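# Descriptive analysis of the structure
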Amino acid sequence: MERTMFYLLVVFLLLPVPSSLQDMKSHGNSQDPCGELKQLRELVHQQAAALSKIKEKLVYMENEHAERPKVAFSAGLPAGQKGPFNTETTLIFSKVVTNIAGAYNPHTGVFTAPVRGVYYIRFTGTAYNSNRYNMGVNLYKNDQMILHLGEVGSDGLLRHVSSGLALMLEADDVVYLRLFANYALYDDNLLRNTFTGFLIFPS
């Protein structure tokens, strides 16, 4: 509400001076003080009405912003090597950095969309000193693999992949990352492997 009053004050100061008030200023030697007082009262009523409309719009905008759901999460893998596994395995990013709305589950590695909308999903993957294993991750929406990103063969001591995309999700849709069979990732205390997402706008 303090922010609303600040906006109102700024808008009030920026309101144009009505032409009738300018006319009064240009005729400063008027011999009709009662007429001037009446005009001033009319101007005050006009400005008050305009200010009231502006206040209604600002309150509506603030309420709309406050009611918009806030969803965001970021999490990283615990330290150590992950994989290789015999089968494709869901990655569990248990080092939670942010989990606004609690839609990400650090025990399962699954993000569940709380509302219908467009979400931005991003991930990073890292392998260290593991040239004998391929590295990479798969992004899933429900049971569908949306994206695969990885590297095969030898490519130096430390390898990285990263990507992101906007997804239209229905309420209760799930998004998660999986590691291909015989792939491996590595992490330490630097959050090299991360899983992030946030709501861009509900729809």
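Structure's up top.
We now turn to the structure provided with this report.

Rules behind the numbers
Residues numbered from 1 in each chain as written. Predicted model: local features only at pLDDT ≥ 70, side-chain atom pairs only at ≥ 80, totals over all residues. Heavy atoms only, no water. Helix = DSSP H or I, 4+ residues; strand = E, 2+ residues; numbered from the N terminus. Salt bridge = Lys/Arg side-chain N within 4 Å of Asp/Glu carboxyl O. Buried < 20%, exposed > 50% of the residue type's maximum accessible area, 1.4 Å probe, protein only. Phe/Tyr/Trp six-rings, centres within 6.5 Å; stacked < 30°, edge-to-face > 60°. Contact = heavy atoms within 4.5 Å.

### Notes on unusual backbone geometry
- Here the residue pair Gly83 and Pro84 is connected by a cis peptide bond, since its omega of 0° sits within 30 degrees of zero.
- Structurally, Pro84 is set in the loop between strand E2 (80-82) and strand E3 (89-90).
- In this structure, Leu191 takes a positive phi of about 55° despite not being glycine.
- For Leu191, the location among the structural elements is in the loop between strand E12 (185-187) and strand E13 (194-202).

### Details of the pattern of salt bridges
- What the rule picks out here adds up to three salt bridges.
- A salt bridge links Arg116 to Glu170, with the shortest nitrogen-to-oxygen separation between them at 3.1 Å. Remark: Glu170 occurs in the loop between strand E10 (158-169) and strand E11 (174-179) and Arg116 occurs in the loop between strand E6 (110-112) and strand E7 (117-128); sequence separation between them is 54 residues.
- Judged by its relative accessible area of 38%, Arg116 falls in the partly exposed class.
- Of the charged contacts, one joins Asp188 and Arg192 as a salt bridge, the two residues approaching to 2.8 Å between their closest N and O atoms.

### Remarks on the packing of aromatic side chains
- According to the stated counting rule, one finds ten aromatic pairs in the structure shown.
- For the pair Phe73 and Phe195, a centre-to-centre distance of 5.0 Å together with 80° between the ring planes defines the contact as edge-to-face. With a gap of 122 residues between them, Phe73 in strand E1 (residues 72-76) and Phe195 in strand E13 connect regions that are remote in the sequence. Each of the two residues, Phe73 as well as Phe195, counts as buried.
- Their ring planes at 5° and their centres at 5.3 Å tell us that Tyr140 and Tyr176 sit as a pair that is stacked. Pair noted here: Tyr140 is in strand E8 (residues 135-141) and Tyr176 is in strand E11, with a separation of 36 residues, a long-range link. Accessibility assignment for this pair places Tyr140 and Tyr176 in one class, buried.

### Some thoughts on the environment of Met135
- Assignment of secondary structure puts Met135 in strand E8.
- For Met135, a relative accessible area of 0% puts it in the buried group.
- Between the C-alpha atom of Met135 and that of Gly150, which follows or precedes it by 15 residues, the distance is 5.5 Å.

### Looking at the side chain of Ser163
- Relative to the helices and strands, Ser163 is located in strand E10.
- Overall, Ser163 belongs to the buried group, its relative accessible area being 19%.
- Those residues in contact with Ser163 that lie beyond four places of it in its chain are Ile121, Arg122, Phe123, Leu147 and Leu149.

By themselves, these figures tell us nothing about what the structure is for.
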